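# Working through the structure, step by step
Spelled out from the first residue to the last, the chains are:
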Amino acid sequence: MAHITPKSPDAPDYVNTLASVAIYPNGVGEELSTYVSQAVEVIRESGLSNETHSMATEIEGDLDDVLRVIRDATMKLAGQGYRTGVHLSLDIRPSFRDQMHAKVKLVDSILADEATDKGTVEAED
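The following paragraphs examine the structure supplied in this document. (Residues numbered from 1 in each chain as written. Predicted model: local features only at pLDDT ≥ 70, side-chain atom pairs only at ≥ 80, totals over all residues. Heavy atoms only, no water.)

For the structure shown, the criterion picks out 4 salt bridges. One salt bridge connects Asp13 with Lys7, and the closest N-O pair in it is separated by 3.2 Å. Using a relative accessible area of 23% as the deciding quantity, one classes Lys7 as partly exposed. Residues participating in the shared-partner salt-bridge network are Lys7, Asp13 and Asp62. (Salt bridge = Lys/Arg side-chain N within 4 Å of Asp/Glu carboxyl O. Buried < 20%, exposed > 50% of the residue type's maximum accessible area, 1.4 Å probe, protein only.)

For the rest of this paragraph, the subject is the environment of Asn26. Turning to its location among the elements, Asn26 is positioned in strand S1 (residues 16-26). Accessibility expressed as a relative area gives 34% for Asn26, which makes it partly exposed. Taking C-alpha positions, Asn26 is 23 Å from Val66, a pair spaced 40 residues apart along the chain. (Helix = DSSP H or I, 4+ residues; strand = E, 2+ residues; numbered from the N terminus.)

Glancing now at helix H1 (residues 33-44). Look at H1: 15 Å from first C-alpha to last across 12 residues, which is about the 16 Å you get at 1.5 Å a residue. Listed as buried for H1 are Tyr35, Gln38, Ala39, Val40, Val42 and Ile43. Looking at the buried side of H1, the elements it contacts are S1, strand S2 (49-52), strand S3 (57-62) and helix H2 (63-78). (Expected span 1.5 Å × (residues − 1). Contact = heavy atoms within 4.5 Å.)

Regular strands have side chains that alternate between both faces of the sheet. Across the 6 residues of S3, 5 count as buried, placing the element largely inside the fold. Taken together, the 6 bridges between S1 and S3 define a ladder with antiparallel strand orientation. Along S3, the bridge assignment pairs Ser20 with Glu58. Taken together, the 4 bridges between S2 and S3 define a ladder with antiparallel strand orientation. For Thr52, the partnering residue across the bridge sits in S3 and is Thr57. (Pairing = 2+ DSSP bridges.)

Tracing the backbone shows Glu60 in strand S3. Arg97 provides the closest opposite charge to the buried, salt-bridge-free Glu60, at an N-O distance of 7.5 Å. Within the local environment of Glu60, its side chain forms a polar contact with the backbone nitrogen of Asp98, the two atoms lying 3.2 Å apart. Setting aside chain neighbours within four positions, we find Glu60 in contact with Asn16, Thr17, Leu18, Leu48, Ser49, Val66, Arg97, Asp98, Gln99 and Met100. (Lys, Arg positive; Asp, Glu negative; His and termini not counted. Polar contact = N/O pair within 3.5 Å; in protein donor to acceptor, adjacent residues only side chain to side chain.)

Structural measurements only, silent on function.
Here it is in structure tokens:
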């Protein structure tokens, strides 16, 4: 479970995938951070673009690379004998890139436009 060489986004068979994944053990007590951090470490060392948030980690890259990293991170816990839960959501958009950041920018832009429009309407009242 080491750094992978991610497939180039310019490769003809590159399939851009944005994953949101939460990997955690079951039956180990109330505090899971020590275990979750082991899975996150595998993801961070993968070489794929990733961001960890309070409830999940986002990973972006080629579909095969993303699934391989999720498997490796899962096996970090399952390989130690822990019953391991995985919550996974995938957004597969073959011709897109950097969706981890682009989606947030788009939502922020829409909210900013709505705030501007709302301010204009309030000013007219």
